[in-house]
Amino acid sequence: MTLAMNTQTTTAVPIRRNRFFVRDTAGIAAIVALASIGYLLFPDNLALLTRVIAIALLVLSLDLVTGYCGVATLGHAALFGSGAYAAGIVSAHYGITDPLLMTLAGITGGAAAGLVCGIVILRTHGLPQLVLSIALINLFHEFANKASSWTGGSDGLSGISADPIFGTFEFDLYGHTAYVFGVILLLVVFILLRLVVRSPFGMLCRGIKEDALRIRAMGASPKAALMKMYVISGAVAGVGGALNAISTQVVGLDSLSFTLSAESLVMLVLGGTGSLFGALSGTVIFMLFEDYVSAANPFHWLTMVGALLVAVVLFAPKGLYGTATAFFVRRKETAQ
């Protein structure tokens, strides 16, 4: 019997790996296909699509701490804004205009902000975490406003410029290079995060969300694992902030706003928490729907956005992607 069980386990591992490989390949292909369609169909609106990619990176980072770890936060834009300001400051004040170095600065700034926020927020649980996260985003916002000699204050940080990538691909007014650069960053981050969430560390974080006491009883440190995930989340959000700074060449206080934090949480819930695909789909649907209805009906577009969110919460509590996935899984089990 033991030999049979070992044989079953041995054969199950390659099957599971093949399933993950097929799913990841399909996901990457879907991202590339949608990005190509957007590039071809909306050549005059690439700035919006680049903004969607930047916010998608923020929502992915939020999913790491909220969807996978269960940490409640309404101040995640602090990480995004820190990355944006870090990339902008090294360009405007230190003359570092290489896009890759600016992105690295954004990663560093976001990770540092993630470390600071993690130290504060992870001291409590539940509702106090929300209160602390709101306090932190307000503190980050006020600090950026007061440090106007570095950040530009309420006028925003201008004077940001980026050299051509590898000296060849110049950032043009139409946003072609910025868009392609954003798609590549998104693909790289997505692949790395898929490895992270499926790793033993990622499974540990899922276990902490389900039952932190049991994880502690097994000898692991939930706080240390959550702190690591918060830093990783900050780095991902920093990539999005750096992309936003490079593509728009200006960083404003809105990148550190509570509104952005709340909207990112709404996008995550819309797509489905605890799923990288859900985070991406929720961002794309929300931002494109918001852009369309605000242009079609400038006076009542908030009503339509609110109606969409209410419908999703009531009829698709797992989010659009999560509900669709659960539906197809049930159909497959029924067919078998």
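Residues numbered from 1 in each chain as written. Predicted model: local features only at pLDDT ≥ 70, side-chain atom pairs only at ≥ 80, totals over all residues. Heavy atoms only, no water.

Novice: When you look at the overall build of the protein chain in this model, what are you seeing that I'm missing?
Specialist: Along the protein chain, the regular secondary structure elements total 14 helices and zero strands. Shown N-terminal to C-terminal, the secondary structure of the protein chain runs as helices and strands in the order α-α-α-α-α-α-α-α-α-α-α-α-α-α. In terms of C-alpha radius of gyration, the protein chain reaches 21 Å, essentially the compact-globule figure of 20 Å for 336 residues. Taken over the C-alpha atoms alone, the protein chain extends approximately 70 × 45 × 45 Å along its principal axes. Expressed as a percentage of the 336 residues in the protein chain, the buried residues total 44%. (Helix = DSSP H or I, 4+ residues; strand = E, 2+ residues; numbered from the N terminus. Rg over C-alpha atoms; globule rule 2.2 N^0.38 Å. Buried < 20%, exposed > 50% of the residue type's maximum accessible area, 1.4 Å probe, protein only.)

Novice: Explain the packing of aromatic side chains here, please?
Specialist: When we look at a pair of aromatic rings, we describe it by the centre distance and by the angle of the planes. Counted under the stated rule, the structure contains five aromatic pairs. Relative to Phe-181, the ring of Phe-171 has its centre 6.2 Å away and its plane inclined at 90°; by these criteria the two rings are edge-to-face. Of this pair, Phe-171 sits in the loop between α6 (148-151) and α7 (176-198) while Phe-181 sits in helix α7; the two residues are ten residues apart in sequence, bridging distant segments of the chain. Residue Phe-181 is classed as buried on the basis of its relative accessible area, which comes to 7%. (Phe/Tyr/Trp six-rings, centres within 6.5 Å; stacked < 30°, edge-to-face > 60°.)

Novice: Help me understand the nonpolar core, please; the structure alone is not making it clear to me.
Specialist: Generally speaking, nonpolar side chains in soluble globular proteins are found buried as a group. Core analysis: the largest hydrophobic core is formed by 87 residues, its most contacted members being Leu-60, Val-71, Tyr-85, Cys-117 and Tyr-230. It is helix α2 (residues 46-66) that contributes the most residues to this core, 15 residues altogether. Contact partners of Tyr-230, with chain neighbours within four places excluded, come to Val-65, Val-71, Thr-73, His-76, Leu-79, Gly-114, Cys-117, Gly-118, Ile-121 and Leu-122. (Core = buried A, V, L, I, M, F, W, Y, C linked by side-chain atoms within 4.5 Å. Contact = heavy atoms within 4.5 Å.)

Novice: Where do I start with the side chain of Ser-61 in this structure?
Specialist: Along the chain, Ser-61 falls in helix α2. For Ser-61, a relative accessible area of 0% gives the class buried. Contact partners of Ser-61, with chain neighbours within four places excluded, come to His-76, Ser-233, Val-236 and Ala-237.

Novice: Would you mind showing me how to read the environment of Ser-36 here?
Specialist: In this fold, Ser-36 is placed in helix α1 (residues 2-41). Using a relative accessible area of 35% as the deciding quantity, one classes Ser-36 as partly exposed. C-alpha of Ser-36 to C-alpha of Thr-334: the two residues are 298 residues apart in sequence and 36 Å apart in space.

Novice: I would appreciate a short explanation of helix α10 (residues 222-248) in the present structure.
Specialist: At 3.6 residues per turn, the α-helix brings residues three or four places apart onto the same side. The terminal C-alpha atoms of α10, which comprises 27 residues, lie 39 Å apart, in line with the 39 Å expected from a rise of 1.5 Å per residue. A large share of α10 lies buried, amounting to 20 of its 27 residues. (Expected span 1.5 Å × (residues − 1).)

Novice: Help me out: how do you make sense of the environment of Arg-198 in this one?
Specialist: As for its placement among the helices and strands, Arg-198 is situated in helix α7. In this structure the C-alpha to C-alpha distance between Arg-198 and Ala-112, which are 86 residues apart in sequence, comes to 24 Å. Ignoring sequence-local partners within four residues, the contact set of Arg-198 consists of Phe-20, Asp-24 and Met-203.

Novice: Honestly, the packing of helix α11 (residues 258-271) against helix α12 (residues 276-296) in this entry has me stumped. Any pointers?
Specialist: The description of two helices packed together rests on the angle between their axes and the distance between the axes. At their nearest, the axes of α11 and α12 sit 7 Å apart, and the two run at 115° to each other. Relative to α12, the crossing made by α11 is right-handed. Between α11, through Glu-263, Val-266, Met-267, Leu-268, Leu-270 and Gly-271, and α12, the contact on the second element is made entirely by Gly-278, Ala-279, Ser-281, Gly-282, Thr-283, Ile-285, Phe-286, Met-287 and Glu-290. The residue inventory of the contact of α11 with α12, partitioned by class, reads eight nonpolar, five polar and two charged. (Axes fitted to C-alpha atoms, helices over the stretch in contact; angles between N-to-C directions. Left-handed = near helix turned anticlockwise from the far one by under 90°. Nonpolar A, V, L, I, M, F, W, Y, C, P; charged D, E, K, R; others polar.)

Novice: Looking at this model, I keep getting lost on a nonpolar patch on the surface. Mind explaining?
Specialist: A contiguous nonpolar surface patch, about 1200 Å² in accessible area, is contributed by Leu-34, Ile-37, Tyr-39, Leu-40, Leu-41, Phe-42, Val-180, Ile-184, Val-188, Ile-191, Leu-192 and Leu-195. Every element with two or more residues in the nonpolar patch is listed here: α1 and α7. The leading source of residues in the nonpolar patch is α7, at six residues. Relative to the assigned elements, Leu-192 resides in helix α7. (Patch = residues over 30% accessible without salt bridge, like charges linked within 9 Å, V, L, I, M, F, W, Y side chains within 5 Å. Areas by Shrake-Rupley, 256 points an atom, 1.4 Å probe, with all protein chains shown as cover. Salt bridge = Lys/Arg side-chain N within 4 Å of Asp/Glu carboxyl O.)

Novice: Please explain the confidence of the model for the protein chain as it appears in this structure.
Specialist: A low pLDDT score tells you not to read the predicted coordinates there in detail. The predicted model of the protein chain has a mean per-residue pLDDT of 89, with 94% of residues at 70 or higher. For residues 1-5, every residue scores under 50 in pLDDT, and the model assigns this stretch zero contacts once sequence neighbours within four places are set aside. (pLDDT = per-residue confidence, 0-100.)

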